[in-house]
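If you want the building blocks of each chain, they are given just below.
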Amino acid sequence: MARPVVSRMLLTAALGLSAVAAPAAASTASASAAAAEIPLARVIPAPAEVSPVAGAAFRLGPRTVIRARPGPAAAVGDQLARALRPSTGYPLPVVPAAPRGGPTISLLLGAGERRLGDEGYRLSVTPEAVTIRANRPAGLFAGTQTLLQLLPKEIDSPTPVRRTWSVAGGGIVDYPRFAYRGAMLDEARHFHTPDEIRSYIDEISRFKINHLHLHLADDQGWRIQIDSWPRLTTVGGGPGTGVDGVGPGFLTKADYRDLVRYAAARYVTIVPEIDMPGHVNAAQVAYPELTCDGVAPPPRTDTAVGYSSLCISSETTYRFVEDVIRELAAMTPGRYLHIGGDEAHATTEADYLTFQRRVLPLVAKYGKTAYGWNEIAKSSASAHAVAQYWNTGTTNPDLVAAVAAGTRVVMSPANKAYLDMKYDPNTRLGLSWAGYIEVRTAYGWDPANHVTGVGEDAVIGVEAPLWSETLRNLDDIEFMAFPRLPAIAELGWSPAATHDWASFSSRLGAYGPRWTLRGVDFYPSPQVTWG
Ligand code: TNX
């Protein structure tokens with residue numbers, strides 16, 4: 001048992017972890033035990049404030065209980081218990097009151113601390129108890145994700161492991177820098193099943209990602225049931241759709257509602273996207289009246305972009321768009337509804353503006369905040385909308401003007417945040433039009449200081465899109481998302497002052513074995529020393 005302890009200490013030294021990593025533990029047995037615990041600062045995304053206390057570790061044991069009041073706190077407690085039981089083999093009952101003196105993990109709502117906001121938490125670890133306090137259930141959930149990373153990596157083993165389960169003593173106070181921290185999955189180019197989406201939600205929520213944007217329609221396929229236009233899915237989601245004709249499938253409304261609920265239980269909000277007025281070939285194959293000449297185009301299974309457009313002068317177009325927005329809004333409790341708007345190269349500039357002037361307000365009519373790719377910033381109707389910046393440059397006069405009029409921004413620059421870009425020229429999957437994105441590149445930018453004239457006040461957050469032209473299954477998704485998704489998650493959550501490649505890469509390296517234990521595929525970047 002001594003050897004792993006020693007090697008962990010050497011590793012800690014070799015990685016140059018902060019002073020926090022080597023507590024000023026005094027002596028003998030308890031000192032080596034303390035050194036074996038994971039330093040409180042070794043969490044992704046980096047917590048706002050960390051205060052270690054030497055010699056105050058908590059030990060999770062067979063008598064530990066999870067204390068939480070019935071309701072949302074107990075629901076978070078149940079999820080925590082489900083995460084801890086397989087590897088520890090302990091019963092970990094979730095109880096409203098803890099027996100006196102027994103080891104307890106307490107999840108308490110009503111922290112009454114303004115700076116924690118809706119998603120922040122305060123975690124304290126003493127020999128008697130781990131206590132997570134938050135204003136809102138989302139904060140308790142975030143705190144439990146931190147706690148999981150503070151337990152030994154074997155906590156992620158699917159089968160029982162015999163070992164001690166200690167958490168280093170001290171405290172963390174943590175809350176997000178940006179309210180919006182997103183991931184996006186492209187369901188159109190290759191359909192990904194509800195099970196695959198749930199698995200992705202599990203993994204992204206560990207890094208405090210709180211939005212999952214689903215790109216539900218594009219030239220190659222339509223992936224969400226719309227009752228008033230049924231051929232969208234029977235044809236647009238049917239056999240032969242998707243890139244190379246091998247990505248068929250669609251979400252029924254029941255599937256979608258289940259996903260919304262599943263995500264909500266992990267404090268992730270689903271953001272649905274229907275891309276328009278471009279990227280609509282699949283809709284036009286199903287309904288030729290959505291073209292100006294009424295002739296159905298051939299189905300497309302290639303990866304070209306920018307060739308399709310809704311017919312801007314036709315009232316049928318707006319009846320279609322309103323039906324889709326109404327049905328989508330009715331099954332989406334989240335506030336955002338994404339209407340695409342990118343790469344409308346087959347729509348004239350004047351037509352694009354005509355379209356957005358009618359369509360952006362329709363989203364508000366159905367009670368949602370309109371959200372679109374940054375091209376919507378060309379329209380003055382975007383003043384109440386959110387623009388998702390995906391371009392690769394660092395100047396964009398349209399966006400700066402829109403921001404002055406009230407548009408808010410989510411940052412997803414393609415050359416930093418696109419998870420479908422290859423890591424390097426040898427990456428077997430992915431594209432490279434925006435460049436190669438190694439993990440250090442994904443980490444090395446500041447969302448509030450990326451586009452000239454678009455500062456911290458205008459930016460509501462970040463998102464890491466994953467386009468699926470080359471991605472067919474969950475392994476493919478995981479290999480491209482990890483380890484870059486945690487880099488983007490940290491830029492979205494952690495204070496700018498914590499951004500530091502040496503620290504991030506050492507925490508990432510230590511995290512890798514957790515993915516391995518959970519069976520999650522990831523790219524073992526040579527920029528990182530994997531633990
Ligand atoms: C550009 S970025 C697109 C998508 C492609 C992606 C591939 C954006 C808003 N549109 O249609 O799938 O590149 O990387």
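Look up a bit, the structure's there.
Residues numbered from 1 in each chain as written. Predicted model: local features only at pLDDT ≥ 70, side-chain atom pairs only at ≥ 80, totals over all residues. Heavy atoms only, no water.

1. Brief notes about the sheet that holds strand E1 (residues 49-52)
So, step 1. Reading across from one edge, E1-E9-E6-E7-E5-E3-E4 is the order of the seven strands in this open sheet, with mixed pairing throughout. Each edge of the open sheet is held by one strand with a lone partner, namely E1 and strand E4 (94-95).
So, step 2. For strand E5 (residues 104-109) and strand E7 (residues 129-134), the ladder comprises six bridges, and the chain directions are parallel. Its bridge partner lying in E7, Thr104 is registered against Ala129.
So, step 3. Packed onto the sheet, helix H3 (residues 72-88) meets strand E3 (65-68), E4 and E5 and runs at close to 150° relative to E5. (Pairing = 2+ DSSP bridges. Helix = DSSP H or I, 4+ residues; strand = E, 2+ residues; numbered from the N terminus. Contact = heavy atoms within 4.5 Å. Axes fitted to C-alpha atoms, helices over the stretch in contact; angles between N-to-C directions.)

2. Things to note about the packing of helix H5 (residues 194-205) against helix H7 (residues 253-264)
So, step 1. Following both chains from N to C, one finds H5 and H7 inclined at 15°, their axes separated by 10 Å at the closest point. Taken together, the axis directions place H5 and H7 in an arrangement best described as roughly parallel. Helix-helix and strand crossings are classified by hand; for H5 and H7 the assignment is right-handed. On H7, the residues touching Pro194, Ile197, Arg198, Ile201 and Asp202 of H5 are Asp255, Asp258, Leu259, Tyr262 and Ala263. (Parallel < 35°, antiparallel > 145°, perpendicular 65-115°, else oblique. Left-handed = near helix turned anticlockwise from the far one by under 90°.)

3. So, the packing of aromatic side chains
So, step 1. Scanning the entire structure with this criterion turns up 25 aromatic pairs.
So, step 2. Measuring from centroid to centroid gives 5.1 Å for Trp229 and Phe320, while their planes differ by 80°, and the two rings are edge-to-face. With Trp229 in the loop between strand E13 (221-222) and helix H6 (231-234) and Phe320 in helix H9 (residues 315-330), this pair connects stretches of sequence that are 91 residues apart.
So, step 3. Overall, Trp229 belongs to the buried group, its relative accessible area being 3%.
So, step 4. Summarising the aromatic geometry, the rings of Trp515 and Phe522 are spaced 5.1 Å apart at their centres and angled 40° between planes, so their arrangement reads as tilted. Per residue, the accessibility class of Trp515 equals that of Phe522, and both read buried. (Phe/Tyr/Trp six-rings, centres within 6.5 Å; stacked < 30°, edge-to-face > 60°. Buried < 20%, exposed > 50% of the residue type's maximum accessible area, 1.4 Å probe, protein only.)

4. Examining the state of the cysteines
So, step 1. Under the defined criterion, the tally for this structure stands at one disulfide.
So, step 2. Paired through a disulfide, Cys292 and Cys311 show a sulfur-sulfur distance of 2.0 Å. A torsion of 90° about the S-S bond marks the disulfide between Cys292 and Cys311 as right-handed. Of the two residues, Cys292 sits in the loop between helix H8 (281-286) and H9 while Cys311 sits in the loop between H8 and H9, which places them 19 residues apart along the sequence.
So, step 3. On the accessibility criterion, Cys292 (61% relative accessible area) is exposed. (Disulfide = S-S within 2.5 Å.)

5. Quick notes on the side chain of Ser494
So, step 1. Mapped onto the secondary structure, Ser494 falls in the loop between helix H15 (484-493) and helix H16 (501-518).
So, step 2. Dropping the residues within four chain positions of it, Ser494 is found in contact with Pro45, Ala46, Arg177 and His499.

6. Description of the site of the ligand
So, step 1. Surrounding the ligand, one finds 14 residues, the nearest of these being Arg189, Tyr418, Asp420, Trp433 and Glu469.
So, step 2. One of the side-chain nitrogen or oxygen atoms of Asp342 is found 2.8 Å away from a nitrogen atom of the ligand.
So, step 3. Here an oxygen atom of the ligand and a side-chain polar atom of Asp420 are 2.7 Å apart.
So, step 4. Protein contacts shield 98% of the accessible area of the ligand, which totals 360 Å² for the unbound molecule. (Near = heavy atom within 4 Å. Polar contact = N/O pair within 3.5 Å; in protein donor to acceptor, adjacent residues only side chain to side chain. Areas by Shrake-Rupley, 256 points an atom, 1.4 Å probe, with all protein chains shown as cover.)

7. Some words on unusual backbone geometry
So, step 1. Here the amide bond leading from Met276 into Pro277 is cis, since omega sits at 5°, within 30 degrees of zero.
So, step 2. Assignment of secondary structure puts Pro277 in the loop between strand E14 (269-273) and H8.
So, step 3. Note the cis peptide between Phe482 and Pro483, where omega equals 20°.
So, step 4. The residue Pro483 is located in the loop between helix H14 (474-481) and H15 in this model.
So, step 5. Although it is not a glycine, Asp244 adopts a positive phi angle of roughly 60°.
So, step 6. Mapped onto the elements of the fold, Asp244 is located in the loop between H6 and H7.
So, step 7. Residue Tyr267 is not a glycine yet carries a positive backbone phi of 60°.

8. Observations concerning the packing of H9 against helix H10 (residues 349-365)
So, step 1. In contact at an axis separation of 10 Å, H9 and H10 are set at 25° when each is read in the N-to-C sense. One element, H9, and the other, H10, form an angle in the roughly parallel class. In the crossing of H9 with H10, the sense of the turn from one axis to the other is right-handed. Residues Glu315, Thr317, Tyr318, Val321, Glu322 and Ile325 of H9 form the contact with H10, whose participating residues are Phe355, Arg358, Val359, Leu362, Val363 and Lys365.

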